[in-house]
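# Tertiary structure, described
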Amino acid sequence: MSAGKRGALIIFEGCDRSGKTTQSRLLVELLKSKDVPVQAMNFPERSSNIGQVINSYLTNSKDLSDEVIHLMFSANRWEHMNQLKQKLLEGKTLIVDRYSYSGVAYSAAKGLDFDWCYAPERGLLKPDAVFYLRAPASDLASRGQYGEERYEKAEFQERVAKVFDRICSKEASYWHQFDASQPAEDLHAQIASITDELLPKVATQPLDKL
Ligand code: DGP
Ligand code: NA
Ligand code: NA
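The following paragraphs examine the structure supplied in this document. Small disclaimer: the values here were computed from a predicted structure and weren't measured.

A count of helices and strands for the protein gives 9 helices and 5 strands. Each helix (α) and strand (β) of the protein, taken in turn from the N terminus, gives the series β-α-β-α-α-α-β-α-α-β-α-α-β-α. Computed over the C-alpha atoms, the radius of gyration of the protein is 17 Å, within 12% of the 17 Å expected from 2.2 N^0.38 for a compact globule of 210 residues. Dimensions of the protein, computed from the C-alpha atoms along their principal axes, are close to 50 × 35 × 30 Å.

Now for the side chain of glutamate 121. When you line up the elements, glutamate 121 lands in the loop between helix H6 (114-118) and strand S4 (129-134). The exposure class assigned to glutamate 121 is buried, which follows from its relative accessible area of 0%. Polar contacts involving the side chain of glutamate 121 include one to the side chain of serine 74, which spans 3.1 Å. In contact with glutamate 121, other than residues within four places in its own chain, are Ser74, Arg77, Ser100 and Leu210.

Moving on: the coordination of the sodium ion (ligand 3). Looking at the metal site, the sodium ion (ligand 3) is ligated by Asn42 (OD1), Phe43 (O), Asp97 (O) and Asp97 (OD), spaced 2.2 to 3.1 Å from it. Here the donor residues of the sodium ion (ligand 3) are spaced in sequence according to N-F-x53-D.

A few words on the packing of helix H5 (residues 100-108) against helix H8 (residues 154-170). Between H5 and H8, whose axes approach to 8 Å, the crossing angle comes to 130 degrees. When the axis of H5 is compared with that of H8, the two are oblique. At the point where H5 passes H8, the crossing takes the right-handed sense. Residue-level contacts link Tyr101, Ser102, Val104, Ala105, Tyr106 and Ala108 of H5 to Phe156, Gln157, Val160, Val163, Phe164 and Ile167 of H8. Residues that form the contact of H5 with H8 fall into these classes: 10 nonpolar, 2 polar and no charged.

Turning to helix H2 (residues 49-58), its buried residues are Gly51, Ile54, Tyr57 and Leu58. The arc that holds every buried residue of H2, seen down its axis, measures 115 degrees, which confines them to one face. The inward-facing, buried residues of H2 abut helix H3 (66-78). One or two positions beyond H2, positive phi appears at asparagine 60, with a value near 65 degrees.

Lining the immediate environment of ligand 1, one finds 14 residues, of which Asp16, Arg46, Arg77, Arg98 and Gly103 sit closest. Considering ligand 1 on its own, with 490 Å² of exposed area, one finds that the protein chains cover 92% of that surface. Of all elements in the fold, only H3 and H5 reach the threshold of two or more residues within the shell around ligand 1. At 4 residues, H5 tops the list of elements feeding residues into the shell around ligand 1. By residue class, the composition of the shell around ligand 1 is 6 nonpolar, 3 polar and 5 charged.

Definitions and limits used
- Residues numbered from 1 in each chain as written.
- Chains lettered and ligands numbered in written order.
- Predicted model: local features only at pLDDT ≥ 70, side-chain atom pairs only at ≥ 80, totals over all residues.
- Heavy atoms only, no water.
- Helix = DSSP H or I, 4+ residues; strand = E, 2+ residues; numbered from the N terminus.
- Rg over C-alpha atoms; globule rule 2.2 N^0.38 Å.
- Buried < 20%, exposed > 50% of the residue type's maximum accessible area, 1.4 Å probe, protein only.
- Polar contact = N/O pair within 3.5 Å; in protein donor to acceptor, adjacent residues only side chain to side chain.
- Contact = heavy atoms within 4.5 Å.
- Donors = N, O, S within 2.8 Å, 3.2 Å for Na, K, Ca; no water.
- Axes fitted to C-alpha atoms, helices over the stretch in contact; angles between N-to-C directions.
- Parallel < 35°, antiparallel > 145°, perpendicular 65-115°, else oblique.
- Left-handed = near helix turned anticlockwise from the far one by under 90°.
- Nonpolar A, V, L, I, M, F, W, Y, C, P; charged D, E, K, R; others polar.
- Arc of directions from axis to C-beta.
- Near = heavy atom within 4 Å.
- Areas by Shrake-Rupley, 256 points an atom, 1.4 Å probe, with all protein chains shown as cover.

Right under this line is the structure:
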């Protein structure tokens with residue numbers, strides 16, 4: 001690590017099938033090719049004990065109340081926070097597939113109170129940038145069959161998208177909205193250019209909290 005330089009915390013958000021997986025992979029590959037220390041991460045992180053409960057819930061083999069699963073998703077982020085912080089301070093840039101905003105969007109889409117949903121996320125590391133891949137849920141559904149997981153229904157995704165839109169307008173200072181229906185290479189080029197500007201800028205800024 002170069003002295004005092006930290007990595008950037010970059011989050012991809014969006015509905016299921018919005019292209020987050022492809023775009024985060026392309027960004028990680030690009031940064032690696034430029035010798036930027038980088039690591040891909042993913043929430044929910046399904047390997048921990050909490051992550052395994054979340055996985056059982058998502059695959060419909062376990063039912064939990066909306067409030068309980070909400071807090072489990074949040075706890076899954078909290079249990080990885082020290083690790084994220086340490087990596088960032090070592091100079092590693094983290095490219096993360098989903099974060100607190102999915103936590104709020106998916107639970108608020110069920111009807112839970114927005115502020116209640118946000119409360120357990122407070123104190124987590126604040127992202128330097130959120131790349132929001134936005135597309136009407138009807139477009140996403142037409143990309144092919146949704147999978148079998150609990151939330152993969154067009155009507156529910158439509159409600160999730162509305163909450164993401166609301167968060168995006170509130171957090172405009174570090175959210176970047178992209179049209180997810182454009183070709184992947186075009187989207188990648190825009191994301192790459194924002195990331196290029198971001199990394200040197202945040203390298204000397206202290207980490208902040210949500
Ligand atoms: P993924 O592995 O990123 O595709 O996420 C799995 C599913 O879980 C997906 O439908 C989005 C949803 N999800 C991700 N994070 C959260 C969260 O914090 N809370 C809730 N309720 N759902 C989430
Ligand atoms: Na998914
Ligand atoms: Na994820």
